[in-house]
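# Overview (structure and organization)
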Amino acid sequence: MADDTCVRFGDKSASEIEDKLLRQLAILESVTDFAIVATDRVGVVTDWNAGAERILGWTAQEMIGQSARAFFTPEDRVDGRLESEMREALASGRAIDECWHQRKGDERFWASGEMMPLKGRDGAHIGFVKVLRDRTEQHLHGRALVQAEARLRRAQEAGGVGVFWVSVDDDVLHATPEFCRLYGMPEHATFDAAEFERLVVPDDQGLVSHQEGRRDGVSPTDVVYRIRRANDGELRWISRKGEFETDGGRSIRFAGVARDITADVLRDRDIAAEREQLATMFAQAPTFMAMLRGPDHQIVRVNPGYTRLVGGRDVVGRTVADALPEAVSQGYLQLLDQVYSTGEAFAANGYRFAVEDVDGKEPDARYLDFVYQPLRDGSGAVSGIFVEGVDVTERIIATKALEASEARYRTLFETIDVGFCVLEMKYDQAGRAIDYRIAEANPAFSRQTGADVVGKWVSEFAPNLERHWLDTYGAVALTGEPAHFENRADVFGRWFDVRAVRIGAPEARTVAVFSATLVSVERSSCIRARCSNSAIAFGSFVIRPKSPSQPAKCLGARYRSAGSVTEWSTSAERRFRLTGIGTPPV
């Protein structure tokens, strides 16, 4: 019907009018795909065709005299949709709607409808006619299509995939929103294909599907090229795959997908750089390294340090048992089996490994610190072993030599007659030495002091020790100047020949002391007596050896002027095997 459609009664005879009405009524009744409903001005049904009965479910007898609101949904009734359509139809000549309606039994269906006003012979408004068609199936299909397109778009956005196709005849590119986003282009349905082609960097233009190539069907179909995005100029890597659609052997369309793979490219570059760095570190590491694979421990990779360890042999691609038979005989293969079966790492320090005779050389015994670290695959199962370690042969040999040297010197330290001790000095706030502790001492020193004094302070075992001992040792510790002197220690009843030297860090205030016993303390009274009584003298013997090359040795003794010896030093006693008391000096 036209926009101003209405039912008019002209100046015709009653029979003609009746015939026309009957024909119109027959036509309306024969239409069953459309529900045609006539109402008065307030929406009360006055006519109800067969199509209305089929689509809406009510008979004409049930609906004539009822409000057309019956086939509107409850929510539309509340919203006054019928009244709204009638007002719109009066105002504009028609009211079109696409919405849910309700048939008998409260079943809903999607209707495509139109309402128009009815006018009498005088042009006065007498009611409305509403035409409905059941479009539920088409609506559901359309909605499913919209939902599918929405899902596809979300999938494209999530996966970064854009879809396109280019018409060969007009070179128009049709693009999805995601395709536009990938290239930084505004979201349009169509573009001139050249707009996208210009975004590819000059060095990659040879990978672009230009118009000539598309027309001849020879454009690259699977490529990766770089672009400068239109909106921000950012450099991106694009993977584009396409294929030609043909008609009678002629290319008519080039269609495909594109994906931004910048993150993948950069990640692959980082991985490659990291692998290169690891390979460099593997090759240049001062330690030895090897990668073993499988339960038979196939050697798949070694570094130069490992090659040197095994005497330069080419072992890559071979099993440990085949390449290194000495490892089997020395128990290393058993350790590898243990690590592979248990998945637990094994670490060792100072293990001996005798390298097999290579090029006629004798087996070379080496000492190793190493670790066997299990490697796991994606499922967590052990797939191999990483071997890493360091050759500590020189350290082990040096340690053993040091231990032997220390043992020799410890023997010497403990058997010599010269006393030795290490003192830890203690000072007051004025910087004056007030005590010292015996940190270490040999047996000779213990004999000189008459007790085991290691760990004790001198104030504990010799509280009356003369002041000059503290001053002398204190000065050595503070200044670092060594001292050599002879002096008495009344508390021990002896004279000592002493050498003192600072050892360790200056702030440690430690002094090493070498001491030799001279004579008894009676020497001091002897000296005092000589000063007051010329009849008593103190002298020394100089023993001159037969060989001129041997040095003379001075042996001290105390004797009277009459010539008899009253005191004999310990060195003189050992030299002459005599006490010397009562004998004249010789």
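Structural data are supplied above this passage.
Attention in this report is confined to the structure presented alongside it. Bear in mind that the values here come from a model prediction, so they are computed numbers and not experimental data. (Residues numbered from 1 in each chain as written. Predicted model: local features only at pLDDT ≥ 70, side-chain atom pairs only at ≥ 80, totals over all residues. Heavy atoms only, no water.)

Helix and strand counts for the protein chain stand at 20 helices and 24 strands. When the 586 residues of the protein chain are sorted by exposure, 37% land in the buried category. A sequence separation of at least 24 residues applies to 42% of the contacts in the protein chain between residues at least 6 apart. Working note: accessible area of the protein chain is about 33500 Å², and carbon and sulfur atoms make up 51% of it. (Helix = DSSP H or I, 4+ residues; strand = E, 2+ residues; numbered from the N terminus. Buried < 20%, exposed > 50% of the residue type's maximum accessible area, 1.4 Å probe, protein only. Contact = heavy atoms within 4.5 Å. Areas by Shrake-Rupley, 256 points an atom, 1.4 Å probe, with all protein chains shown as cover.)

A few words on the pairing of strand E18 (residues 433-441). Sheet topology places strand E17 (residues 419-427) next to E18; seven bridges connect them, and they run antiparallel. What sits directly across from Leu423, in E18, is Ile438. A loop of five residues connects E17 with E18, the two strands running antiparallel in sequence, and Gly431 in this loop sits at a positive phi of about 85°. (Pairing = 2+ DSSP bridges.)

As a further point, take the pairing of strand E15 (residues 364-376). In terms of strand pairing, strand E14 (residues 346-355) meets E15 through eight bridges, oriented antiparallel. Counted as the bridge partner of Ala348 is Phe370 from E15. Judged from the nine bridges that link them, E15 and strand E16 (residues 382-391) form a sheet pairing that is antiparallel. Counted as the bridge partner of Leu375 is Gly384 from E16. Hairpin connection between E15 and E16: a loop of five residues separates the two successive antiparallel strands, and Gly380 in this loop has a positive phi of roughly 95°.

It is worth spelling out the packing of aromatic side chains at this point. Applying the stated criterion to the full structure yields 24 aromatic pairs. Between Phe179 and Phe196, the ring centres sit 5.2 Å apart and the planes meet at 40°, which makes this aromatic pair tilted. On the criterion of sequence distance, the pair formed by Phe179 in helix H7 (residues 177-182) and Phe196 in helix H8 (residues 193-197) is long-range, its members being 17 residues apart. Each member of the pair, Phe179 as well as Phe196, carries the same accessibility label: buried. Centroid distance Tyr351 to Phe370: 5.7 Å. Interplanar angle 80°. Geometry classified as edge-to-face. Residue Tyr351 is located in strand E14, and its partner Phe370 is located in strand E15; the two are separated by 19 residues in the primary sequence. In this structure Tyr351 comes out as partly exposed when scored by relative accessible area, which is 35%. An aromatic cluster is built from Phe164, Phe179, Tyr183, Phe191, Phe196, Phe244 and Phe254, whose rings are joined through pairwise contacts. One cation-aromatic arrangement involves Arg253 over Trp165; the distance from NZ or CZ to the ring centre is 4.0 Å. (Phe/Tyr/Trp six-rings, centres within 6.5 Å; stacked < 30°, edge-to-face > 60°. Lys NZ or Arg CZ within 6 Å of the ring centre and 35° of its normal.)

The next subject is the nonpolar core. Membership of the largest hydrophobic core comes to 29 residues, with the highest contact counts inside it found for Tyr306, Val315, Phe370, Tyr372 and Ile385. Among the secondary structure elements, those contributing two or more residues to this core are strand E12 (288-293), strand E13 (298-302), helix H11 (304-309), helix H12 (320-323), helix H14 (332-342), E14, E15 and E16. No other element matches H14, which puts six residues into this core. For Phe370, the contacting residues outside a window of four places in its chain are Phe288, Tyr332, Phe346, Ala347, Ala348, Tyr351, Glu388 and Gly389. Among the nonpolar cores identified, the runner-up in size contains 26 residues, and Cys421, Val476, Ala489 and Ala500 belong to it. (Core = buried A, V, L, I, M, F, W, Y, C linked by side-chain atoms within 4.5 Å.)

The five strands lie next to each other as E13-E12-E16-E15-E14, forming an open sheet whose pairing is antiparallel. Of all strands in the sheet, those bounded by a partner on one side alone are E13 and E14. With direction set aside, neighbouring strand axes in the sheet form an average angle of 30°. (Axes fitted to C-alpha atoms, helices over the stretch in contact; angles between N-to-C directions.)

This part covers the environment of His125. With respect to the helices and strands, the residue His125 is situated in strand E5 (residues 125-134). Note on His125: relative accessible area 21%, which makes it partly exposed. Between the C-alpha atoms of His125 and Leu90, which are 35 residues apart in sequence, the distance is 8.7 Å. Once you skip the residues sitting within four places of it in the chain, His125 turns out to touch Arg41, Leu90, Pro117, Leu118 and Lys119. Here Gly127 takes part through its backbone oxygen, which lies 2.8 Å from a polar atom of the side chain of His125. (Polar contact = N/O pair within 3.5 Å; in protein donor to acceptor, adjacent residues only side chain to side chain.)

This part takes up the side chain of Thr73. If you trace the backbone, Thr73 turns up in the loop between helix H3 (60-63) and helix H4 (74-79). For Thr73, a relative accessible area of 1% corresponds to the buried category. Contacts of Thr73, omitting those with residues within four sequence positions, involve Trp100, His101, Gln102 and Arg108.

With antiparallel pairing, five strands are arranged side by side in an open sheet as E2-E1-E5-E4-E3. The sheet is open, and its two borders are formed by strand E2 (45-48) and strand E3 (95-102), each paired with just one other strand. In this sheet, neighbouring strand axes are inclined to one another by 30° on average, regardless of whether the strands run parallel or antiparallel. With nine bridges connecting them, strand E4 (residues 108-119) and E5 associate as antiparallel partners. Bridge pairing in E5 links Ala111 to Asp134. Here helix H5 (residues 81-92) sits on the sheet in contact with E3, E4 and E5, set at roughly 40° to E4.

Our next topic: unusual backbone geometry. Positive phi outside glycine occurs at Asp171, with the angle close to 60°. With respect to the element layout, Asp171 can be found in the loop between strand E6 (161-167) and strand E7 (172-175). Taking the relative accessible area as the measure of exposure, Asp171 reaches 8% and is therefore buried. Positive phi values are uncommon outside glycine, yet His297 reaches one of about 60°. On the basis of relative accessible area, His297 is assigned to the buried category, the value being 1%.

Here we come to H14. Three- or four-residue spacings in an α-helix give side chains the same orientation, since the helix completes a turn every 3.6 residues. Inspection of H14 places Tyr332, Leu333, Leu335, Leu336, Val339 and Tyr340 among the buried residues, and these make up the whole buried set. Viewed along the axis of H14, the buried residues span an arc of 160°, placing them on a single side of the element. Facing away from the buried surface of H14 by more than 90 degrees, the exposed residues are Gln334 and Ser341. A positive backbone phi angle near 75° is found at Gly343, which sits one or two residues after H14. (Arc of directions from axis to C-beta.)

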